[in-house]
Amino acid sequence: MSEKTIPYKIYLNESEMPESWYNLRADMKEKPAPLLNPGTGQPLTAEELSAVFCEELVKQELDDTTKFIKIPEEIRNFYKMYRPSPLVRAYCLEDKLGTPAKIYYKFEGNNTSGSHKLNSAIAQAYYAKKQGLKGVTTETGAGQWGTALSMACSYLELDCKVYMVKVSYEQKPFRREVMRTYGASVVPSPSDTTEVGRKILAEHPGTNGSLGCAISEAVEAAAKDPGYRYVLGSVLNQVLLHQSVIGLETKTALDKYGIKPDIIIGCAGGGSNLGGLIAPFMGEKLRGEADYRIVAVEPASCPSFTRGTFAYDFCDTGMICPLAKMYTLGSSFMPSPNHAGGLRFHGMSSTLSQLYHDGYMEAVSVEQTEVFEAAEQFARIEGILPAPESSHAIKVAIDEALKCKETGEEKTIVFGLTGTGYFDLYAYEKYNDGEMSDEIPTDEQIAASVAKLPKV
Ligand SMILES: *Cc1c(COP(=O)(O)O)cnc(C)c1O
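I will try to describe carefully the structure that is included in this document.

## Overview of the pattern of salt bridges
Under the counting rule described, the total for this entry stands at 30 salt bridges. The residue R176 makes a salt bridge to E177 at a minimum N-O spacing of 3.3 Å. For K199, the salt bridge is made with E203, and the minimal N-O distance between the two is 3.9 Å. With a gap of four residues between them, K199 and E203 both fall in helix α9 (residues 195-203), about one helical turn apart.

This is how it looks when you write it as structure tokens:
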């Protein structure tokens, strides 16, 4: 079918890695709404944010105008251990599907943490170190972020304290041990080591925990110790900024061969990999230079974009974090314990929320059984065992390729393969045993948590 003039894997040289991160917000006419102080309802100042976040990261968080922010040499050198990551032409998948579509995926699973999260972890740890801090605190859901941060902290000799959602702590003991191997301390959340943890435990005894609740604990722990700051693996503007390295490399690789994508697809939890992958393409779209279909894929069990409300909400269950304007299911929303742990956050990046609201991108939700069918198919054909989160994007990429088969269109599809699934074999076991189910929240459940949105 295809002459295969494009290599199976497009590798870049180290010298072709971006020198700067690209700040998509600089090209947005409608900027994402600012974070608000939950006490006063006023936009948070740099000073207020600096109590919780590192100073340099606060600057990046608030910067809506600087297009390119230089990647410090030390971070670029760390990137070189596992980057540039390959852009793979999925010839084998195309042939098996019998589609005229051309499918590419950007593979971010080539590091021990097994996901794209290391791209931001090293940046955040670097700025904490530069500020002379002793350590950082964070939460982790499925464990990828905690693992990435542990790796970055051990490299820079920073202390790392991870609050891990209890259900993952129990279901993913191996991920926990990787973090401990890198020197992090790992606490199951909710825990009795923080005030907010004790409060949540008293109100919901026996709870599985949630990402929002672990965030509350990590923020409290950082706020109480002046040598520590809190870091977050997704959602925030600064994280999307760091992840732009994914999209910039993808664009360079495609440009080398004169390839223009038609559709760009990514899974969306808090929106960091998708925001990073689409950044330079969305930039062209915003500047009117090119047009692309951009599709966010989320789990039907936690459908922030497709069934959420665009409003200010807390980023955490404990309601101590700033308010962000985003598509949200409400901070009290507790998703059913599905197997795509990294996609279980109740809200969505403010930047992506604004772009979605303004019609620059689409969103779809998919159920986990069909996601695992796609994951199995992909593993068997392309060889890589994908993370459940990434498999949401695979599912929709395959659907789009099959549509091309019907219409005969030779569309070019690019999707983000954010990570590998070696630590998700419990989920694969459920799928292989035919015990996986799809739990979709009812309208009443969503309405109940949305009714509790803060009034601003
Ligand atoms: C965390 C994670 C995601 C989702 O997070 P985003 O911030 O939405 O990108 C997706 N895939 C993998 C493998 C992850 O670890």
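## Focus: the sheet that holds strand β5 (residues 102-107)
Taken together, the seven strands give an open sheet; going across it, the order is β1-β4-β5-β15-β10-β11-β14, and neighbouring strands pair in mixed fashion. Looking at which strands have only one partner, the edges of the open sheet turn out to be β1 (9-10) and β14 (362-366). Pairing analysis gives five bridges linking strand β10 (residues 263-267) to strand β11 (residues 293-299), with the strands arranged parallel. Pairing of I263 across the sheet is with R293, part of β11. Together, β4 (87-89), β5, β14 and β15 (412-417) form the strand contacts of helix α15 (residues 368-382), whose direction differs from that of β14 by roughly 95 degrees.

## Considering the side chain of S350
Relative to the helices and strands, S350 resides in helix α14 (residues 350-357). At 2.9 Å, the side chain of S350 forms a polar contact with the backbone oxygen of K325. When residues no more than four places from it in sequence are discounted, the contact partners of S350 are P32, A33, V235, A324 and K325.

## Focus: the packing of aromatic side chains
Across all of its chains, the model carries 17 aromatic pairs by this definition. Geometrically, the ring pair formed by Y8 and Y91 is tilted, given 4.7 Å between the ring centres and 55 degrees between the ring planes. Of this pair, Y8 sits in the segment before β1 while Y91 sits in helix α4 (residues 91-97), and the two are 83 residues apart along the sequence. A relative accessible area of 1% means that Y91 is categorised as buried. Ring geometry for F310 against Y327: centres 4.9 Å apart, planes inclined by 15 degrees, an arrangement best described as stacked. Residue F310 is located in strand β12 (residues 309-314), and its partner Y327 is located in strand β13 (residues 323-328); the two are separated by 17 residues in the primary sequence. Among the aromatic residues, those joined into a ring-pair cluster are F78, Y79, Y82 and Y155. Across from the ring centre of Y91, 4.8 Å away, lies the NZ or CZ of K4, which sits over that ring.

## Focus on the sheet that holds strand β6 (residues 135-140)
Across the sheet, four strands lie side by side as β8-β7-β6-β9; this open sheet has parallel pairing. Each end of this open sheet is capped by a strand with a single partner; those strands are β8 (185-189) and β9 (228-230). Averaged over all adjacent pairs, the angle separating strand axes in this sheet is 25 degrees, with direction ignored. Note: strand β7 (residues 159-165) against β8, five bridges, orientation parallel. Of the residues in β8, the one forming a bridge with V162 is V186. Contacts between helix α8 (residues 173-181) and the sheet are confined to β6, β7 and β8, with β7 contributing the most and set at about 170 degrees to the helix. The sheet strands contacting helix α10 (residues 211-223) are β6, β7, β8 and β9, and the helix crosses β6 at an angle near 165 degrees.

## A few points about the side chain of S272
Relative to the helices and strands, S272 is located in helix α12 (residues 272-286). In this structure S272 comes out as buried when scored by relative accessible area, which is 4%. There is a polar contact of 3.3 Å between the side chain of S272 and the side chain of H116. Filtering out sequence-adjacent residues up to four positions away, S272 remains in contact with H116, G233, S234, V239, L240 and Q243.

## Here we look at the site of the ligand
Surrounding the ligand, one finds 18 residues, the nearest of these being K117, S234, G269, S272 and T418. With respect to the ligand, the side chain of H116 contributes an N or O atom lying 3.2 Å from an oxygen atom. S234 is positioned such that a nitrogen or oxygen atom in its side chain is 2.4 Å from an oxygen atom of the ligand. Judged by its atoms lying within 2 Å of the grid points, the ligand is housed in the largest cavity. Its residues placed into classes, the shell around the ligand shows four nonpolar, 12 polar and two charged.

What counts and how
- Residues numbered from 1 in each chain as written.
- Predicted model: local features only at pLDDT ≥ 70, side-chain atom pairs only at ≥ 80, totals over all residues.
- Heavy atoms only, no water.
- Salt bridge = Lys/Arg side-chain N within 4 Å of Asp/Glu carboxyl O.
- Helix = DSSP H or I, 4+ residues; strand = E, 2+ residues; numbered from the N terminus.
- Pairing = 2+ DSSP bridges.
- Contact = heavy atoms within 4.5 Å.
- Axes fitted to C-alpha atoms, helices over the stretch in contact; angles between N-to-C directions.
- Polar contact = N/O pair within 3.5 Å; in protein donor to acceptor, adjacent residues only side chain to side chain.
- Phe/Tyr/Trp six-rings, centres within 6.5 Å; stacked < 30°, edge-to-face > 60°.
- Buried < 20%, exposed > 50% of the residue type's maximum accessible area, 1.4 Å probe, protein only.
- Lys NZ or Arg CZ within 6 Å of the ring centre and 35° of its normal.
- Near = heavy atom within 4 Å.
- 1 Å grid on protein atoms, 1.4 Å probe; cavity = no way out; pocket = protein on both sides within 12 Å on 5 of 7 lines; lining within 4 Å.
- Sits in = over half its atoms within 2 Å of the grid points.
- Nonpolar A, V, L, I, M, F, W, Y, C, P; charged D, E, K, R; others polar.

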